[in-house]
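# Fold and contact review
Residue-level listing of the chains:
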Amino acid sequence: MATPDFIHAIRASAGHQLWLPGITAIVFDDEGRVLLGRRTDTRKWSVIGGIPDPGEQPAACAVREVFEETAVRCVAERVVLVQALNPVTYPNGDVCQYMDITFRCRAVGGEARVNDDESLEVAWFDVDALPELNEFGVFRIKQAMSDAPTWFDATAFS
C-alpha cells in the first residue's frame, strides 16, 4: 500500500512514531461467506482494511476500502470491535500504532476481484473453511459472526 500524502505530512512534523486510526471490514455475502484478500506485501490471506482519510467517517472508510481492494460494494452494519493494537515497525522506519475499529459489513453488489495493487487474490470463503489467517483476522471474523455487544478490552479498566 502506498503511504498516503497526509501521513507524509504528519511524519514531517511528528517524526516516525505515529498513532493512527485503522479500519477493518468483515464482509459477509448472502450465503454467509466472508471476503478475504491475499496481500501483496505479506503474500498471506487477510481481512480487508485500511486507514481513513482525514475527516472521513470510519464506516465510510470501511465501505471505501472494501470497494477499492475488492470491487465489492457493501454497507457497514455495526461496530464489532475497538482495539488499540501493538506498534508495528515498517521498513521506512515508521513505528505506527493503530486504534482499530472493526465493522461487520454486508455485500450488496459487485463481483469480488483484485481491484488495486494491494492484493494478489480476492475470494469469498465459507467461515468453516478459511485459508490460513493470523489471529487478528480470525478473532474479528468470530466477533462479526456473533451478536455480542461491541468487543473492547475490559481488562484495561481493572
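In short, a report on the structure.

Conventions adopted
Residues numbered from 1 in each chain as written. Predicted model: local features only at pLDDT ≥ 70, side-chain atom pairs only at ≥ 80, totals over all residues. Heavy atoms only, no water. Phe/Tyr/Trp six-rings, centres within 6.5 Å; stacked < 30°, edge-to-face > 60°. Helix = DSSP H or I, 4+ residues; strand = E, 2+ residues; numbered from the N terminus. Buried < 20%, exposed > 50% of the residue type's maximum accessible area, 1.4 Å probe, protein only. Lys NZ or Arg CZ within 6 Å of the ring centre and 35° of its normal. Expected span 1.5 Å × (residues − 1). Arc of directions from axis to C-beta. Contact = heavy atoms within 4.5 Å. 1 Å grid on protein atoms, 1.4 Å probe; cavity = no way out; pocket = protein on both sides within 12 Å on 5 of 7 lines; lining within 4 Å. Points joined across faces, edges and corners; volume = space filled by probe spheres on them. Nonpolar A, V, L, I, M, F, W, Y, C, P; charged D, E, K, R; others polar. Disulfide = S-S within 2.5 Å. Salt bridge = Lys/Arg side-chain N within 4 Å of Asp/Glu carboxyl O. Core = buried A, V, L, I, M, F, W, Y, C linked by side-chain atoms within 4.5 Å.

A few words on the packing of aromatic side chains. On inspection of all chains with the given rule, the structure shows two aromatic pairs. With 5.3 Å between their ring centres and 85 degrees between their planes, Phe 139 and Trp 151 make a pair best called edge-to-face. Of this pair, Phe 139 sits in helix H3 (residues 135-145) while Trp 151 is found in the segment after H3, placing the two residues twelve residues apart along the sequence. In this structure Phe 139 comes out as partly exposed when scored by relative accessible area, which is 23%. Sitting above the plane of the Phe 67 ring, Arg 73 keeps its charged end 4.0 Å from the centroid. In this structure, Arg 140 is placed above the aromatic ring of Phe 136, and the distance from its NZ or CZ to the ring centre is 3.7 Å.

On to helix H2 (residues 58-70), then. For an α-helix, 3.6 residues make a turn, and residues three or four places apart therefore share a direction. Compared with an ideal rise of 1.5 Å per residue, which puts 13 residues at 18 Å, H2 spans 18 Å between its outermost C-alpha atoms and is within 8% of the ideal. Of the positions making up H2, those classed as buried are Cys 61, Ala 62, Glu 65, Val 66, Glu 69 and Thr 70. Buried residues of H2, seen end-on, are gathered within an arc of 130 degrees and therefore sit on one face of the element. Of the surrounding elements, those touching the buried residues of H2 are strand S1 (17-28), strand S2 (34-39), strand S4 (48-50), strand S5 (73-84), strand S7 (95-109) and strand S8 (119-125). Just downstream of H2, Ala 71 is the residue with a positive phi angle, here 65 degrees.

Attention now moves to the layout of surface pockets. There is about 1200 Å³ of room inside the largest pocket. The wall of the largest pocket is formed by 40 residues, among which Arg 39, Asp 41, Val 88, Tyr 90 and Tyr 98 lie closest to the centre. Only helix H1 (5-14), S1, S2, strand S3 (45-46), S4, S7 and H3 provide two or more residues apiece to the lining of the largest pocket. If one sorts the elements of the lining of the largest pocket by residue count, S1 sits on top with four residues. Of the residues contributing to the lining of the largest pocket, the split by class is 18 nonpolar, 13 polar and nine charged.

Further remarks concern unusual backbone geometry. For Arg 43, which is not glycine, the phi dihedral falls at a positive 65 degrees. Relative to the helices and strands, Arg 43 is located in the loop between S2 and S3. Positioned with a positive phi, Ala 71 is a non-glycine residue whose angle comes to about 65 degrees. Mapped onto the fold, Ala 71 is located in the loop between H2 and S5.

This part takes up the state of the cysteines. Under the definition given, this model contains zero disulfides. Its sulfur unpaired, Cys 61 is 10 Å from the next cysteine sulfur, which belongs to Cys 105. You can call Cys 61 buried: its relative accessible area is 0%.

Tallied over the full model, the rule gives eleven salt bridges. In this structure, Arg 39 engages Asp 41 in a salt bridge whose closest nitrogen and oxygen atoms are separated by 2.6 Å. With a shortest N-O distance of 3.2 Å, Glu 65 and Arg 64 are connected by a salt bridge. Each of Asp 53, Glu 56, Arg 64, Glu 65 and Glu 68 takes part in one network of salt bridges that share partners.

Right, let's talk about the nonpolar core for a bit. The biggest cluster of nonpolar side chains holds 14 residues, and the ones touching the most others in it are Ala 25, Val 27, Leu 35, Ala 62, Val 66 and Cys 105. Looking at this core, the elements with two or more residues in it are S1, H2 and S7. For Ala 25, the contacting residues outside a window of four places in its chain are Ile 48, Ala 62, Val 66, Phe 103 and Cys 105. Val 34, Leu 133, Val 138 and Ile 141 belong to the second largest nonpolar core, which has 13 residues in total.

The analysis is restricted to geometry; functional conclusions fall outside its scope.
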